[in-house]
Amino acid sequence: MFPPKLTHSSSSSSSIASERKSSGAWASQSSSRNPVSLRLYKVLGTNYDDESTREALQTLSELYANTSSTNSKGKEISKDVNGNNDFLLGDDDDDEQLGTEEEKASILVENTPGEAAVRARKNLKRDMEIRLAEGSRHFLKVLSQVDEKLVAVQKQVSAMHISLEESEKHLQLTNEASKSLLDRAGNLREERQEVQVQKSIVSLFLARFTLSEEETEALTSRDVPVGKRFFQAMDKTEQIREDCRVLMAGEDGPTKAGKDIMASTASQLEQGYEKIFRWCSYEFLQIGRDSQLEVSTTMGEAIRRLRKRPELLNESLASLSLTRQTTLTSSFLTALTRGGPSGLPRPIELHAHDPLRYIGDMLAWVHQAIAGEREFLEALFSMKEDGRMVGSAREFREKGKMTEEEEWTRELMDAAVGKVCVPLKVRVQQTVRSQESAIMAYKIANLLQFYKITMTKTIGDEAVLSTTLKEITDLAYQTFFDSIQAQCRSLARANLDLDDTSLTPPIPILDHVQILREIMAVYQSSLGDEDKDNEDVVPEGKAQSGAENETQYAKDASGAGIGPGSGFLKIGDVMVRPAVDMCLNAAEAKKTLRPGWDMDVFILNCLSYLLSVLEPFGFTRSQRVMLQETIDSKVEELTEEHYHNIMADAGLDQIASLCENHDGSEPLSHIPGIQPAQLQSALASFSRWLSSSIEVVSSSSPRLSRLTLQRLHTQIHHAALGRMAKAYGMVCERVRRKENRYEAAATLLGTERPFGQVGLLWQIFGLKEEEEEEGTS
């Protein structure tokens, strides 16, 4: 049993600390090299609070319990604190391991206190080996029992292997005995399946590669009409030929069955196509004579199938084209002379006295006929919709980009209206050549231009109708330009009346400009919405009905056509420039003959009137720019004259000129004409002019009042007054300079109105100073 100080370290820690403290003095006095003291200090300094140390001490305490007993055979047994037998004392094997008698005696002596600890320090290794040996013996005993069980299991497995081998031998003998019977049954089953497969193949072959009697009758008999039953029989025949290609592509070449099937179906299929061709030819003759064209579902399907035989389709379409040519030509002549059923609508030629309506009705009839033909052909060839909005322009594609159906449609439409072009061209040319009015000729040209563009987008520019419309459109524009050029030549030859003293535009100019106004109104109505959005000014009241309100006009190929945006340039050059030249030349001639006649006011009145006519139309921009430049130059000249006139009337002309031309070589007050007395007289005259002249305040002038455009009147007068105010300010500034040597310059300027104050003069004139205007801008 261990001492209490060793087993209860926690309770003795405080006492140990006190002993260490009390023995400190003694320890310092004793020798540090004394082995007993060193051992004592080591024992006393050991910390028993460590968990591992405490567990080790607990294990030793259990191993060397201080109680022992002797078993029934007289052998002493050592026990732990729990009373378990740790090991036997006095056993024979143990006696051999213990060795000497003294060691055995030491084991038996356990009742003396402290002896267990001494024995543990002496025999610890041996005691542990004993305990390990006891555990090994127990483990070997258990393993021997397990080994006996495994031997028994191995015997059972061997017995099972023997039984399985015997069963396999028995099964093999049974299979060999029944093999022949199974082979026979399998052969019979395979033969039965082969027979069933052959039977189904024969049935399917006959159903797929032969036609029934009803189907053969539908293909070949005339009693069965072209319809759903006929098309089903053709579909099956074509399917048979398609499926028969497998029989024709064998390794040994085409089979006899395949050749026979292909030959019989080819004959039947050709009879079917011949039947479709005869039926289509008859139907085209019936449809071609009707004005209302309708395509049935059967007709569309027949054409679709006949496309596989191009020669038959072309022959049938040729008969349709001839029929439609005759029908459309007859219908056009009937519409011209007889009108519609029961006289409604009335004959077109009844309106021959109205050229625009006459030509418009003929072109409208042709356009409607073209539209009807196109709808009929599109339905006939089952053409898909092109996604075009209703009412939007149709885009004609080039020949290389068209589909086969579009090429057929274009050719058939061109052929259908080819004969109509002859009577149409003759009547339009007669009507155009008989026109004397430039305005009517221009309206007819615009109408023809619109229909030419529309037809070109529908049937192409190489069609007969497009070529015809181009020729008559060129003729109409040529007639129009010949008419306006003749009018311009007559305008250039016109002379002004020498006895007429008025400054308003003369009658030849008024007549010429009126014609120009009507032409521009017609052109304005021919512009589309997009072109009108780009104009400077859109005039009111230009929404017109009829063909003139169409939105697509293109420039003519010969250069004489009129299109949106740039089409009016030629008309403007032909009509506006001669009018301007006539005004300038005639004014110069009359000025020479009548010196007192105001040429500048006359020219401004004429040009302003012409500009006012052009301003509402945005497409006249180039002509308006040219006129505005001419007007601006004339306004500058007239402003200069008016400025000198009012300066002379006000008495400032001489002194302003002297001040402006002064070179500074001598004082301004020494120059004759602007000496103080003369300056005082001029300023007094200017003051009287300001007080008595009503024209200054009312912005009126006898000469400028003859201008028809009030805006020019105000502009010229205000510009002249502004220059006068600047001239007065320049005179005041020069007078105030010291180098000009005017005595009491402020008094000299302040004695007369406006008292040397330029700002006051601007207020009198009712104008704003230029500096203020520049600041606000």
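Residues numbered from 1 in each chain as written. Predicted model: local features only at pLDDT ≥ 70, side-chain atom pairs only at ≥ 80, totals over all residues. Heavy atoms only, no water.

### Brief notes about the pattern of salt bridges
For the structure on display, the rule yields 21 salt bridges. Here Arg307 makes a salt bridge to Glu404, at a shortest N to O gap of 3.7 Å. Of the two residues, Arg307 is situated in the loop between α13 (297-306) and α14 (310-337) and Glu404 in helix α16 (residues 404-416); the sequence distance between them amounts to 97 residues. The class for Arg307 is partly exposed, based on a relative accessible area of 28%. Looking at Glu404, the relative accessible area reads 42%, which means it is partly exposed. Salt bridges sharing partners connect three or more residues here, namely Asp235, Glu301, Arg304 and Arg305. (Salt bridge = Lys/Arg side-chain N within 4 Å of Asp/Glu carboxyl O. Helix = DSSP H or I, 4+ residues; strand = E, 2+ residues; numbered from the N terminus. Buried < 20%, exposed > 50% of the residue type's maximum accessible area, 1.4 Å probe, protein only.)

### Section: the confidence of the model for the protein
Across the protein, pLDDT averages 78, with 78% of residues at or above 70. Confidence, expressed as mean pLDDT per element, reaches its minimum in the protein at helix α1 (residues 4-7) with 38 and its maximum at helix α17 (residues 421-433) with 93. Counting contacts from residues 66-109, a segment whose pLDDT is below 50, to residues more than four positions away or on other chains yields 70 contacts. Of the regions scoring below 50 in pLDDT, residues 771-777 engages in 1 contact with residues more than four places distant in sequence or in other chains. (pLDDT = per-residue confidence, 0-100. Contact = heavy atoms within 4.5 Å.)

### Section: the side chain of Arg305
Tracing the sequence through the fold places Arg305 in helix α13. Classification of Arg305 as buried rests on a relative accessible area of 5%. A distance of 3.0 Å separates the side chain of Arg305 from the side chain of Glu301, its partner in a polar contact. Non-local contacts of Arg305, meaning those with residues more than four positions away in its chain, are made with Phe231, Met234, Asp235, Glu238, Tyr273 and Ile276. (Polar contact = N/O pair within 3.5 Å; in protein donor to acceptor, adjacent residues only side chain to side chain.)

### Examining the nonpolar core
Leu380 and Leu465 are the most contacted members of the largest nonpolar core, which has 126 residues in total. If you tally residues by element for this core, the top one is helix α18 (residues 438-459), at 12 residues. The residue makeup of this core includes at least three contributed by each of domain 2 (309-493) and domain 3 (651-772). Each residue touching Leu380, except ones within four places of it in the same chain, is listed here: Phe284, Val295, Met299, Gly300, Ile303, Leu317 and Leu320. Counting residues in each nonpolar core, the second largest holds 36 residues, with Ile655, Leu668, Leu748 and Leu767 among its members. (Core = buried A, V, L, I, M, F, W, Y, C linked by side-chain atoms within 4.5 Å. Domains from an automatic or database assignment.)

### Comments concerning unusual backbone geometry
Following Arg753, the chain continues to Pro754 via a peptide bond in cis, the omega torsion being 10 degrees. Mapped onto the elements, Pro754 comes out in the loop between α29 (745-750) and α30 (758-765). Here Arg741, not a glycine, exhibits a phi torsion of approximately 60 degrees, which is positive. Inspection of the secondary structure puts Arg741 in the loop between α28 (710-736) and α29. Take Arg741: its relative accessible area is 56%, and that puts it in the exposed class. Notably, Phe755 is not glycine yet its phi reads approximately 65 degrees, a positive angle. Inspection of the secondary structure puts Phe755 in the loop between α29 and α30.

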